[in-house]
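Structural description and commentary
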Amino acid sequence: MSQYSEIAFQGLWKNNPGLVQLLGLCPLLAVTATVTNALGLGLATMVVLIGSNVLVSLIREFVPKEIRIAVFVMIIAALVTVVQLLINAYAYGLYLSLGIFLPLIVTNCVIIGRAEAFASRNSVAKAAFDGLMMGVGFTLVLIVLGAIREILGQGTLFDGADQLLGPWAAGLRIDLWHTDTSFLLAMLPPGAFLGMGLLIALKNVIDKKLAEKQPKTITAPVERARVTKVN
């Protein structure tokens, strides 16, 4: 279980794709204007990440090293196509909101990176768990950034949740305050860059505080032995 705990810690915090590896920033910064869009893209990425990790782990012994990247990309593209068709069929409003960034999951460096660095070298169970943890870590960053931008931009939370979860989710919308005009800086890409920078800075501060609380090991000085010349 210690191995799985380490995988979870790596994906959720220490090696988080969004805050540490800084991978997949294009959709992360472009789509996170609302929590709904962030959650939808995060879940789609997580499904593709888990599926690709499992399939890559299954075929890792049969794919020649010379063509492994091409095979990995084909697997990811097939999974993205399936997810895209499902979202188009069952969450058409979200499909329109995500736009081009949904098929661009194929080029997400998080997915191809985990397929190459982890799934191709580990068992199916570990690969699936790694995909889950990396996907959850990436989704959490999307949600937090989307919540910050939505609150500052239009004073709401879960706006358009019915597009993702169905008509019943329309009641999930929370109006924190009423504004006649949106705060464009928060809604546009510059606001996403500022918000992302603040999240990375916050993580660095927390890591520094945790490192300071760790007990420091004091190493005893090593005495040098004096060697005299023997005739």
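Cut-offs used in this document
Residues numbered from 1 in each chain as written. Predicted model: local features only at pLDDT ≥ 70, side-chain atom pairs only at ≥ 80, totals over all residues. Heavy atoms only, no water. Helix = DSSP H or I, 4+ residues; strand = E, 2+ residues; numbered from the N terminus. Rg over C-alpha atoms; globule rule 2.2 N^0.38 Å. Buried < 20%, exposed > 50% of the residue type's maximum accessible area, 1.4 Å probe, protein only. Contact = heavy atoms within 4.5 Å. Areas by Shrake-Rupley, 256 points an atom, 1.4 Å probe, with all protein chains shown as cover. Core = buried A, V, L, I, M, F, W, Y, C linked by side-chain atoms within 4.5 Å. Patch = residues over 30% accessible without salt bridge, like charges linked within 9 Å, V, L, I, M, F, W, Y side chains within 5 Å. Salt bridge = Lys/Arg side-chain N within 4 Å of Asp/Glu carboxyl O. Axes fitted to C-alpha atoms, helices over the stretch in contact; angles between N-to-C directions. Parallel < 35°, antiparallel > 145°, perpendicular 65-115°, else oblique. Left-handed = near helix turned anticlockwise from the far one by under 90°. Polar contact = N/O pair within 3.5 Å; in protein donor to acceptor, adjacent residues only side chain to side chain. pLDDT = per-residue confidence, 0-100.

**Remarks on the overall build of the protein**
Tallying secondary structure elements over the protein gives 10 helices and two strands in all. The helix and strand sequence of the protein, counted from the amino end, reads α-α-α-α-α-α-α-β-α-β-α-α. For 231 residues, the compact-globule formula gives about 17 Å, and the C-alpha radius of gyration of the protein, at 22 Å, lies well above that figure. The C-alpha extent of the protein, read off along each of the three principal axes, is 95 × 50 × 30 Å. Evaluated residue by residue, the protein yields a buried proportion of 39% over its 231 residues. Here the analysis covers contacts within the protein between residues at least 6 apart in sequence; of these, 76% occur between residues at least 24 apart. When the accessible surface of the protein is split by element, carbon and sulfur atoms take 68% of a total near 13500 Å².

**Focus: the nonpolar core**
By size, the foremost hydrophobic cluster in this structure holds 18 residues, and its most contacted members are Ala44, Val48, Ile87, Leu98, Leu102, Ile105 and Ile111. Of all elements in the fold, only helix H3 (35-59), helix H4 (68-90), helix H5 (92-98) and helix H6 (109-117) reach the threshold of two or more residues within this core. Residues within four places of Val48 in sequence aside, it is in contact with Ile76, Leu79, Val80, Val83, Ile105 and Ile111. By size, the runner-up hydrophobic cluster in this structure holds 11 residues, among which are Leu19, Leu142, Ala192 and Leu199.

**Side note on a nonpolar patch on the surface**
Residues Phe158, Leu165, Trp168, Leu172, Ile174, Leu176 and Trp177 make up a contiguous nonpolar surface patch of roughly 670 Å² in combined accessible area. Inspection of the secondary structure puts Leu172 in the loop between helix H8 (161-165) and strand S2 (174-175). Given a relative accessible area of 35%, Leu172 falls into the partly exposed group.

**Overview of the environment of Val31**
Mapped onto the secondary structure, Val31 falls in helix H2 (residues 25-31). Of the residues examined, Val31 reaches a relative accessible area of 5% and is grouped as buried. Once residues lying within four places of it in the same chain are set aside, the contact partners of Val31 are Asn37, Ala38, Leu41, Leu98 and Phe101.

**Observations concerning the packing of H4 against H6**
Orientation of H4 relative to H6, taken along the N-to-C sense of each, is 130°, at an axis distance of 10 Å. The angle between the axes of H4 and H6 places the two elements in the oblique class. For the crossing formed where H4 meets H6, the hand is right-handed. Here H4 contributes Arg68, Ile69, Phe72, Val73 and Ile76 to the contact with H6, which in turn contributes Ile111, Ile112, Ala115 and Glu116.

**Topic: the side chain of Thr139**
Position of Thr139 relative to the elements: it lies in helix H7 (residues 124-154). Thr139 sits in the buried class, given a relative accessible area of 4%. In terms of polar contacts, Thr139 uses its side chain to reach the backbone carbonyl oxygen of Gly135, at 2.7 Å. Every residue in contact with Thr139, bar those within four places of it in the chain, is listed here: Leu39, Gly42, Leu43 and Met46.

**With respect to the confidence of the model for the protein**
Scored by pLDDT, the protein has a mean of 88; 93% of the residues are at 70 or more. Ranking the elements of the protein by mean pLDDT puts H2 last with 82 and H3 first with 94.

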